Amino acid sequence: MASLHKNNSLYRAFPALSHSPFRWFWGGQIISLIGTWTQNIGQAWLVLQLTNSPFLLGLVAAMQFVPTMLFSLQAGAWIDHLPKRKVLIATQTVMMILAFALAFLVGSGSLRYWMLLVMAFILGVTNTVDVPTRQSFIIELVGREHLANAIALNSAIFNGARLVGPAIAGVIMGIWGPMWCFLINGLSFIGVLAILIFVPAIPHQEKITPKKETLRKDILNGLSYIRKTPSILIVMMMMGFLSTIAMNFNVLVPVLAKIDLQAEALGYGLLMSALGLGALIGALTVAIRSAEGPQPRLLLVGAFGLGMFNVVVGLQNTYFFSAFFLAFLGWSMIVFSASANSLIQITVDSQYRGRVMSVYNLVFGGMIPIGSLYAGTLSDLWGARMTFIISGTITLLFMGGIVFWLRRYRKDEGHENSSFV
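Computed from a prediction, not measured in an experiment: that's the story for all the values here.

Asks: Residue-level account of the overall build of the protein chain, with values.
Replies: Summing up its helical and strand segments, the protein chain has 16 helices and zero strands in all. Burial analysis of the protein chain (421 residues in total) assigns 58% to the buried set. Relative to all contacts within the protein chain whose residues are 6 or more apart in sequence, the contacts with residues 24 or more apart total 85%. Only carbon and sulfur atoms are counted for the fraction: they give 68% of the accessible area of the protein chain, which is about 17400 Å².

If you want it as structure tokens, here you go:
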């Protein structure tokens, strides 16, 4: 299929799209992710309406990611032994049911805060399996050669949805209320499920059959592999710290909008869209540069940008400039996270892919409960703007330490050609 389009400039720029199964899957994800972001925005605003508490908003976010912290390692061991397409059909079905259930509870006036906590936990359990499965599934659609481009394109649609979804949610909540945010998300899963069921056979599926071990042995083997692979270990360390301290936008942006900037629902949605616009540009930056191979320096640029623009956003006291610099913060976030994902997946041995991506999911999403409680608590004490400043300062200090350590490591170990610094 790829050879039929080799002269097409679009496929030359984005070669992953030359694979028909990936195009179908990618197209379905566009619709589904817009629905997901619509629900995310509706849920955050709904919690603030019910409680008017940044801490309780942070608690809902924490509950959604506690399962990732608890079960990621086990999920990774299972994923390496299971057919990924069937796993995705199951997880996407559960998420669709949860969205419809939330729409019903909101529409009937039956929703209580504790129900949101329970729903968030169930969604978190599902995502703990779904996220690393989807990430591991990509290579089966495009093969290793175009994997980095496919990962960057997935980041592009995720952040395109981050741009469109919040704007849609802001309009919908302003006119019809948050129930429709959940209903739209539920409907958005139908296309994805149809594609997963009927998409043509996967041409690049890697025939990997990991040795049958106990669950504990599988987990320990995966952790040992990461520990013995420095390029993966360093990226995991950076991701764990930055996702905890520097990427708490699900808590900080609604608080910034409602309390610091006195904005309404539409204003909040547009702030999230500004973040999403920057993230989309960041994803396209990584996608276009993916042909040059792994980009460790781009990873570091994104990480330092996270620190710097957290501080800059915190220093703003007007809506326009807050939105403007949130776009730069979104760019930095995705340049860092998409580069991290690509570097890990290109480096990892295929038999460990599910386990390694589950650890990646753990350090990316599993730290969110801690980060959400951290951001919610500081916002309660000093407001969202000061929390942005504190988080950015800590990030810059951490990254300065990482670069210093990497330079010492290169010198001590003789890695003169290290591309990280």
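Asks: Before we move on, can you summarise the packing of aromatic side chains with the specific residues and values?
Replies: Tallying each qualifying case throughout the model produces ten aromatic pairs. Between F25 and F137 the ring centres are 5.4 Å apart and the planes differ by 75 degrees, which places this aromatic pair in the edge-to-face class. With a gap of 112 residues between them, F25 in helix α2 (residues 20-51) and F137 in helix α5 (residues 113-142) connect regions that are remote in the sequence. Accessibility expressed as a relative area gives 6% for F25, which makes it buried. Assessed through its relative accessible area of 2%, F137 is described here as buried.

Asks: Quick rundown of the side chain of T387? Include the residues and the values.
Replies: Mapped onto the elements, T387 comes out in helix α16 (residues 384-413). Within the structure, the side chain of T387 is placed 3.4 Å from the backbone nitrogen of S379, a separation counted as a polar contact.

Asks: Outline the pattern of salt bridges, listing residues and values.
Replies: Across all of its chains, the model carries one salt bridge by this definition. Across the salt bridge formed by R134 and D130, the nearest N and O atoms sit 2.7 Å from each other. Taken as a pair, R134 and D130 lie in helix α5 at a separation of four residues, close to a single helical turn. A relative accessible area of 23% means that R134 is categorised as partly exposed.

Asks: Talk me through the packing of helix α12 (residues 296-314) against helix α13 (residues 319-347); I want residue IDs and the actual numbers.
Replies: In contact at an axis separation of 8 Å, α12 and α13 are set at 150 degrees when each is read in the N-to-C sense. Classified by the angle between their axes, α12 and α13 sit roughly antiparallel to one another. In this structure, α12 meets α13 at a crossing whose hand is left-handed. On α13, the residues that touch P296, L298, L299, V301, G302, A303, G305, L306, F309, N310, V312 and V313 of α12 are F325, L326, F328, L329, W331, S332, M333, V335, F336, S339, A340 and L343. Considering only residue class, the contact of α12 with α13 consists of 19 nonpolar, five polar and no charged.

Asks: Residues and numbers for unusual backbone geometry, please.
Replies: Not every positive phi belongs to a glycine, and N52 is a case in point at roughly 55 degrees. Tracing the sequence through the fold places N52 in the loop between α2 and α3 (54-79). The residue Q262 is not glycine, and still its phi comes out positive at about 55 degrees. The residue Q262 is located in the loop between α10 (249-260) and α11 (265-289) in this model. Classification of Q262 as exposed rests on a relative accessible area of 61%.

Asks: I'd like to hear about the packing of α10 against helix α15 (residues 368-382), residue by residue, with values.
Replies: In the contact formed by α10 and α15, the axes pass within 8 Å of each other and the chain directions differ by 25 degrees. As judged from the angle between their axes, α10 and α15 are roughly parallel. Of the residues in α15, those in contact with N250, V251, L252 and V255 of α10 are I368, S372, A375, G376 and S379. Its residues placed into classes, the contact of α10 with α15 shows five nonpolar, four polar and no charged.

Asks: Can you tell me about the side chain of N127, naming the residues and giving the values?
Replies: Within the secondary structure layout, N127 lies in helix α5. Judged by its relative accessible area of 18%, N127 is buried. Once residues lying within four places of it in the same chain are set aside, the contact partners of N127 are Q64, M95, P132 and N361.

The rules behind the values
Residues numbered from 1 in each chain as written. Predicted model: local features only at pLDDT ≥ 70, side-chain atom pairs only at ≥ 80, totals over all residues. Heavy atoms only, no water. Helix = DSSP H or I, 4+ residues; strand = E, 2+ residues; numbered from the N terminus. Buried < 20%, exposed > 50% of the residue type's maximum accessible area, 1.4 Å probe, protein only. Contact = heavy atoms within 4.5 Å. Areas by Shrake-Rupley, 256 points an atom, 1.4 Å probe, with all protein chains shown as cover. Phe/Tyr/Trp six-rings, centres within 6.5 Å; stacked < 30°, edge-to-face > 60°. Polar contact = N/O pair within 3.5 Å; in protein donor to acceptor, adjacent residues only side chain to side chain. Salt bridge = Lys/Arg side-chain N within 4 Å of Asp/Glu carboxyl O. Axes fitted to C-alpha atoms, helices over the stretch in contact; angles between N-to-C directions. Parallel < 35°, antiparallel > 145°, perpendicular 65-115°, else oblique. Left-handed = near helix turned anticlockwise from the far one by under 90°. Nonpolar A, V, L, I, M, F, W, Y, C, P; charged D, E, K, R; others polar.

Spatial relationships are all this shows, so hold off on functional conclusions.
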